[in-house]
Structure formats: C-alpha cells, structure tokens
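# Chains, contacts and geometry: an overview
Take a look at the letters that make up each chain.
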Amino acid sequence: MGSGTVDVALIGAGIMSATLGTLIQHLEPDWNVEIFEALDAPALESSNAWHNAGTGHAGFCELDYATRLPGGGLDVSKAIAIGEQFQVTRQFWSALVARGELPTASRFVNPTPHLAFVAGAENVAFLRQWHDALKEEPLFANLHFSDDPARIGEWSRALVDGRGAAEPIAAAYEASGTDVDYGALTRALIDALVARGARLHLRHPVTGLRRDGEGWMISHRTPTGIATTPARFVFVGAGGGSLRLLQSSGIPEANGFGGFPVSGRFLRTRKPEVVRTHPVKAYGKADKGVPGLGAPHLDHRTVDGEDSLLFGPFAGWDPRFLKSGSRLDLFRSIRPGNIGPMLSVAKDNFDLLKYLVGEITASPDKQMSALRRLMPSAADADWEMIDAGKRVQVIGRNATGRGVLQFGTELVVSPGNNLAGLLGASPGASTAVPVMIRLLQEAFGDRFDGWTEALRELVPSLGRSMNTGEDWSMEIRRANAETLGLAGV
Ligand SMILES: Cc1cc2nc3c(=O)[nH]c(=O)nc-3n(C[C@H](O)[C@H](O)[C@H](O)COP(=O)(O)OP(=O)(O)OC[C@H]3O[C@@H](n4cnc5c(N)ncnc54)[C@H](O)[C@@H]3O)c2cc1C
C-alpha cells in the first residue's frame with residue numbers, strides 16, 4: 001500500500017473508537033491513526049451523556065445479570081465477570097488521569113453508590129439470595145443488604161418517602177459505585193488522541209469498505225464531495241451504523257448477523273430538592289416476561305457539574321439504527337444470509353414484541369406510575385421526558401442456523417482481513433477497555449505478546465483476576481479509587 005495509507009482507521013467517534021485509538025497510540029506511537037466521524041462532533045450518538053444512563057456497570061445492582069438455576073440456586077457469574085471488566089476500565093482511566101492524559105476525574109466520573117432495590121415478599125427473598133450468592137466474592141465484599149425501611153431511607157429518601165408500611169422492601173448497597181459522563185470522557189480521549197497526532201475528520205460519513213491488497217479502501221463523504229482513503233487496519237466503531245458497514249465489507253465473520261433497533265427514553269428531573277433525595281443509582285427487577293434491558297432504574301446523574309435524576313428506560317421503536325440514521329436502516333440491513341434468523345427471532349420473541357408494544361403505547365400516567373413504583377412521592381410536574389440513544393440488538397445464529405437475539409456486545413474480528421467491528425450495546429461503554437483489549441488480542445495476535453508490558457502500565461492487573469482479596473489486587477483498587485476520587489474500593 002502507498003505512503004498515504006493510514007495505519008489504523010477508526011470509523012465513528014464514540015467511546016469505543018476513542019478507547020481503541022488511545023490503546024493503539026500507547027502501544028504503537030509511530031502508527032498513524034485517523035478517525036472518520038459522520039456528525040459535527042464526537043459523542044453525539046449513544047456515548048452522549050444524555051443518551052445513556054451513565055452507569056459504570058460493575059455488577060453491584062443489575063439483577064438481570066443473575067440467572068435462575070434448575071435446582072433453585074442463582075448463577076451470579078455474569079455479575080462477577082462484569083465487575084472484573086469494570087476494574088480493568090477503572091485502571092485504564094486512572095492511569096491516563098495520573099499521566100495527565102485525561103483531565104481531573106471529576107470531569108467524567110463521579111462517586112455514586114449503586115443500589116439494588118425490590119418490593120414485595122417474593123422479590124425480597126430473591127434479593128437476599130442474590131446478596132448471599134455475591135457477598136463472599138472479594139469484589140462484592142462491601143455490598144450491604146437491608147430490609148429495614150429506616151436503613152434504606154438513609155441510602156435514599158426517594159425510595160421510602162410516601163411508601164406504605166405494609167409492603168416489604170429490601171435493598172443492597174455498594175458505596176464504590178460510579179456515575180460516568182461517557183460523552184465528556186469520549187471527547188477528552190479524542191482531544192488527547194488528536195494532541196498526540198491522530199487526525200479527526202468530522203462530517204466524513206463512511207459509505208463503504210472495499211478490499212485493497214492487504215488492507216482496505218474506505219469510501220467516505222467529505223464536507224465538499226466524496227473521497228477514498230486507503231487503510232491497513234479498520235475498526236468499525238460506528239455504533240448503530242456498524243452492521244451495515246461490516247456487511248458492506250463482505251468479511252465472512254459478519255455473515256448472518258441482523259439487527260433490531262430499540263430506542264430509549266428517560267424521565268428526567270433537575271429540581272434540586274427532588275434530586276437531593278436520591279444520591280444513588282437504584283436498579284429494580286424487571287417484571288416477569290420483560291427483557292433485562294427493561295429493568296427500571298432511577299439514576300443520580302452528574303453532567304457538566306449539574307445534578308439530576310433519570311428514570312427509565314422506556315422503550316420506543318422506529319426503524320433507524322442511529323438517532324441521526326435513516327428510516328430505511330432496518331430494511332437496508334436485510335440480506336439473504338440474515339433474513340431467516342431475523343424472521344425466527346420475530347417468531348420466538350413474542351415477549352419482547354409484547355413489551356415493546358406496551359411501552360410504545362404507554363400513556364404519560366402509566367410512565368409516572370412506573371416511576372412511582374421506585375419513587376412513590378414523584379410529582380408529575382417535576383419530570384420531563386427526554387430521548388435517549390438507540391440500541392441495535394444483535395440477531396445472531398445458533399448452531400442450527402436459527403436466529404437468536406443477543407443482548408450483549410458482539411465483537412466481530414476478521415484477523416486475516418485486518419478488520420474488526422463492534423455490534424450490540426450492553427453493558428456497553430463500561431466495558432469498552434476490556435473489550436478493546438480483547439479486540440487487540442484477536443486482531444493483532446502476532447504482536448499482542450510484545451505489547452503486554454506497555455499494556456500493564458495502563459492496566460496493571462492484565463491477565464489476572466481482580467476478584468481476589470490478595471494484597472496486590474487491593475493495592476490496585478485502592479490506588480485507582482484514590483486517583484478517580486471514588487468512595488471506597
Ligand atoms: C438507553 C441507553 C442506555 C445506556 N446506558 C448505559 C449505561 O448506563 N452504562 C453503559 O456503560 N452503557 C450504557 N449504554 C450503552 C452505551 O451507550 C454504548 O454501548 C456506547 O455508547 C457505544 O459506543 P460506540 O462508540 O460503540 O457507539 P456510539 O457512541 O453510538 O458512536 C458511534 C459513532 O459512529 C458514528 N457513525 C455512525 N455511522 C457512521 C458512518 N457511516 N461513518 C462515520 N461515522 C459514523 C456516529 O455518528 C457516532 O458518533 C446505554 C445505551 C442506551 C441506548
């Protein structure tokens with residue numbers, strides 16, 4: 001490839017590209033990195049502060065990470081895995097803050113306790129079992145359980161004020177939780193990337209990818225016309241736009257994937273006297289038949305120094321894959337290879353369809369009633385509805401070729417083809433660092449071993465489990481909690 005060839009092209013300026021670009025710049029400072037972004041600025045889609053809930057997912061409160069085992073027990077391994085992943089993310093942010101490559105941590109991460117909250121005798125029994133299953137795990141050793149309304153009221157007045165005494169309630173509380181402004185973080189990472197030599201092309205939507213020798217020819221628009229740029233390695237970090245670009249590349253690894261868009265909405269209040277009653281992020285339990293992404297949560301947020309509360313998510317539906325996308329997105333994503341899986345998903349996921357129809361047709365009264373199940377004293381006049389980001393749920397294929405809806409994050413890597421991309425949205429931004437490290441390992445297998453020493457400077461626990469009480473791990477937790485200004489380790 002010629003001398004004008006880009007070493008690493010990142011499509012999309014969201015948290016995923018920002019994280020991968022930062023890792024690559026540290027590992028290979030001589031590689032040139034270019035970012036192609038369709039919109040006027042980074043972080044205007046899902047990574048924007050108001051387009052997601054800002055939770056630093058660490059497994060402390062998300063009850064849908066637990067699954068019921070046939071004998072009645074609970075499998076909490078997913079909560080532990082997410083906890084481990086967030087520890088990796090914390091180390092990376094902490095290393096960049098300590099080196100002055102990210103601003104003061106309070107500009108993007110704020111200590112905000114996480115709390116799992118339930119009402120009703122059956123749910124209280126479930127939460128007790130959930131807490132029992134986790135409390136011996138070193139990463140969850142500081143998770144406190146209570147079914148005493150007075151104690152829960154110390155954690156959040158909003159959850160108990162106006163609630164009748166007859167109904168049993170319970171909560172599990174973890175002080176070291178976080179609220180993250182992923183938009184501010186993305187912009188800060190991209191500023192640092194550009195300061196170290198990366199080029200950011202705004203208003204440059206990528207329209208297609210074509211093989212070009214060992215690398216790729218990227219077709220994109222520019223503010224004045226159309227252009228092509230050759231690249232040795234391409235990362236498709238286009239959020240909801242990734243599926244179509246991966247399909248256009250023709251790599252076999254993207255075959256068979258489909259996508260199903262779900263829009264999000266939140267109720268928000270900025271009224272200081274209301275916001276003060278809930279200094280935590282409280283996650284409830286999804287009702288039977290409701291998918292995990294529909295579990296209600298009431299989140300304390302800190303964005304641009306202002307505190308607010310968000311409640312949701314409420315689901316909406318339209319066929320666009322990005323907020324800035326086209327109504328033809330869903331239609332254009334249908335291919336001979338994915339139409340079968342997409343149809344079987346529609347047939348097999350009646351619960352999801354029923355849930356979506358219920359959400360789309362829900363009246364404002366019904367939405368406020370959902371909020372009052374967590375915050376009984378919520379007054380209509382204090383809350384406004386805002387649009388959040390889009391999630392494109394991945395439709396994959398099982399061994400028999402039948403479509404399955406995947407609620408996680410799907411890394412698509414084509415090592416021989418120097419191309420990788422990311423589909424799906426959950427648990428999303430919190431796990432950007434471990435997911436991008438996995439991408440490096442899978443896409444650059446021949447170089448990865450040579451990078452481990454430099455990677456350990458950013459993520460000291462690399463390759464070791466943080467779910468241990470050993471001194472080295474506690475020392476890492478203490479050090480990054482201090483750098484990030486977190487409450488507890
Ligand atoms: C309602 C909701 C709540 C969420 N809550 C949380 C949470 O609490 N915690 C958490 O960790 N995660 C959460 N997430 C998930 C998280 O927001 C996403 O996983 C994350 O922001 C995805 O980042 P990204 O970089 O992949 O995509 P994005 O941030 O969407 O960035 C993609 C970028 O690519 C650009 N782009 C698209 N197409 C093209 C193209 N053709 N050419 C050039 N550029 C293009 C877009 O303009 C955009 O800037 C939530 C998501 C939603 C929708």
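My aim in this report is to walk through the structure given alongside it, one point at a time. (Residues numbered from 1 in each chain as written. Predicted model: local features only at pLDDT ≥ 70, side-chain atom pairs only at ≥ 80, totals over all residues. Heavy atoms only, no water.)

## Observations concerning the layout of surface pockets
Over the atoms, a rolling probe the size of a water molecule traces out where space has been left empty. What counts, and what does not: Of the grid points, spaced at 1 Å and generated over the protein atoms alone, those admitting a 1.4 Å probe that cannot get out make up cavities, while open sets with protein on both sides within 12 Å along at least five of seven lines make up pockets; any residue with an atom within 4 Å of a point is treated as lining. Grid points are joined across faces, edges and corners, and a volume is the space filled by probe spheres set on the points. Think of it this way: any DSSP run of H or I at least four residues long counts as a helix, any run of E at least two long counts as a strand, and we number them from the N terminus. Residues are grouped as follows: Ala, Val, Leu, Ile, Met, Phe, Trp, Tyr, Cys and Pro are nonpolar; Asp, Glu, Lys and Arg are charged; every other residue, Gly included, is polar.
Quantified by volume, the second largest pocket comes out at close to 240 Å³. As for the second largest pocket, its lining consists of 13 residues, and the residues nearest its centre are Trp-31, Arg-232, Asn-418, Phe-444 and Arg-447. Breaking the lining of the second largest pocket down by element, the ones donating at least two residues are strand 1 (6-11), strand 13 (225-236) and helix 14 (445-458). Here the lining of the second largest pocket is built from residues that sort into 7 nonpolar, 1 polar and 5 charged.

## A word on the side chain of His-51
For clarity, the threshold we go by: As used in this structure description, the phrase polar contact means that two N or O atoms lie within 3.5 Å; if the pair is within protein, one of them must be able to donate a hydrogen and the other to accept it, and residues adjacent in sequence are counted only when both atoms belong to side chains. By definition in these notes, contact holds between two residues if any of their heavy atoms fall within 4.5 Å.
Summarising the element assignment, His-51 is placed in the loop between strand 2 (33-36) and strand 3 (67-68). For His-51, the side chain forms a polar contact with the main-chain oxygen of Glu-45, separated by 2.9 Å. Apart from residues no more than four positions distant in its own chain, His-51 is found in contact with Leu-44, Glu-45, Ser-46, Lys-323, Asp-387, Ala-388 and Gly-389.

## Let's talk about the site of the ligand
Counted only if it meets this: Residues are counted as near a molecule or strand when any one of their heavy atoms sits within 4 Å of it. Working definition of accessibility: Shrake-Rupley area with a 1.4 Å probe, residue cover restricted to the visible protein chains.
In the vicinity of the ligand lie 37 residues, with Glu-37, Ser-47, Thr-55, Val-206 and Ser-430 positioned nearest. A distance of 3.2 Å is found between an oxygen atom of the ligand and a backbone nitrogen or oxygen belonging to Ser-46. In the environment of the ligand, an oxygen atom lies 2.5 Å from a nitrogen or oxygen atom belonging to the side chain of Ser-47. Protein burial of the ligand: of its 1000 Å² of free accessible surface, 95% is covered by the chains. Mapped by element, the contributors of at least two residues to the shell around the ligand are helix 1 (15-27) and strand 18 (384-397).

## A closer look at the sheet that holds strand 18
Note the cut-off: When DSSP finds two or more bridges between two strands, those strands count as paired. In this analysis an axis means a line fitted to C-alpha atoms, helices contributing only their contacting stretch, and an angle means the value between N-to-C directions, from 0 to 180 degrees.
Strand order in this open sheet of 9 strands is 7-8-6-15-16-17-14-18-19, and the pairing throughout is mixed. Because the sheet does not close on itself, it has two edges, and the strands there are strand 7 (144-146) and strand 19 (403-406). Recorded for the sheet is a direction-independent mean angle of 30° between the axes of neighbouring strands. In the sheet, strand 6 (residues 114-119) pairs with strand 8 (residues 169-174) via 6 bridges, with the strands oriented antiparallel. Residue pairing in the sheet places Leu-115 in a bridge with Tyr-173 of strand 8.

## Points about the pattern of salt bridges
The test is simple: In what follows, salt bridge is the name for a side-chain nitrogen of Lys or Arg lying within 4 Å of a carboxyl oxygen of Asp or Glu. Buried residues are those whose accessible area, probed at 1.4 Å on protein chains only, stays under 20% of the maximum for their type, while exposed residues exceed 50% and partly exposed ones sit between those limits.
Applying the stated criterion to the full structure yields 24 salt bridges. Put simply, Glu-34 and Arg-199 hold a salt bridge, and the shortest N to O gap is 3.7 Å. Residue Glu-34 is found in strand 2, and its partner Arg-199 is found in strand 10 (residues 199-201); the two are separated by 165 residues along the sequence. We classify Arg-199 as partly exposed; its relative accessible area is 48%. Between Arg-268 and Glu-384 there is a salt bridge; the shortest N-O distance is 2.8 Å. One end of the pair, Arg-268, is in strand 14 (residues 258-269); the other, Glu-384, is in strand 18, and 116 residues separate them in sequence. By relative accessible area, which is 9% here, Arg-268 ends up buried. Judged by its relative accessible area of 34%, Glu-384 is partly exposed.

## Some words on the packing of aromatic side chains
The following threshold applies: When the centres of two rings from Phe, Tyr and Trp lie within 6.5 Å, Trp using its six-membered ring, the rings pair. Their planes under 30 degrees apart give stacked, over 60 give edge-to-face, and anything left gives tilted. In our convention, an over-ring charge means Lys NZ or Arg CZ found within 6 Å of a ring centre and within 35 degrees of that ring's normal.
Overall, the coordinates contain 11 aromatic pairs when judged by the stated rule. Look at Trp-31 and Phe-444: their rings are 5.7 Å apart centre to centre, the planes differ by 45°, and that puts the pair in the tilted class. Of this pair, Trp-31 sits in the loop between helix 1 and strand 2 while Phe-444 is found in the loop between helix 13 (432-443) and helix 14, placing the two residues 413 residues apart along the sequence. No difference in accessibility class separates Trp-31 from Phe-444, as the two residues are buried. Of the aromatic side chains, those joined through ring pairs into one cluster are Trp-31, Phe-233, Phe-444 and Trp-451. Here the basic side chain of Arg-211 rests over the ring of Trp-216, its NZ or CZ set 4.8 Å away from the ring centre.

## Observations concerning unusual backbone geometry
Residue Pro-313 follows Gly-312 across a cis peptide bond; omega there is -5°. Mapped onto the elements, Pro-313 comes out in strand 17 (residues 306-316). Phi is positive for Ala-43, close to 60°, though the residue is something other than glycine. Although it is not a glycine, Asp-304 sits at a positive phi angle of roughly 50°. Structurally, Asp-304 can be placed in the loop between strand 16 (297-303) and strand 17.

## Observations regarding the pairing of strand 21 (residues 419-424)
Of all 6 residues that make up strand 21, 5 are buried, and the element is covered over most of its length. Strand direction decides the pairing type here: strand 13 and strand 21, joined by 3 bridges, are parallel. Across the sheet, residue Phe-235 finds its bridge partner in strand 21, namely Ala-420. Bridge count for strand 20 (residues 409-414) against strand 21 is 6 bridges, and the pairing is antiparallel. Counterpart to Thr-409 in the pairing with strand 21 is Gly-424. Taking the residues between adjacent antiparallel strands as the criterion, strand 20 and strand 21 are bridged by 4 residues, where Asn-418 takes a positive phi near 55°.

## Details of the environment of Gln-393
Here Gln-393 is to be found in strand 18. The class for Gln-393 is buried, based on a relative accessible area of 4%. For the pair formed by Gln-393 and Gly-408, sequence separation is 15 residues and the distance between their alpha carbons is 8.1 Å.

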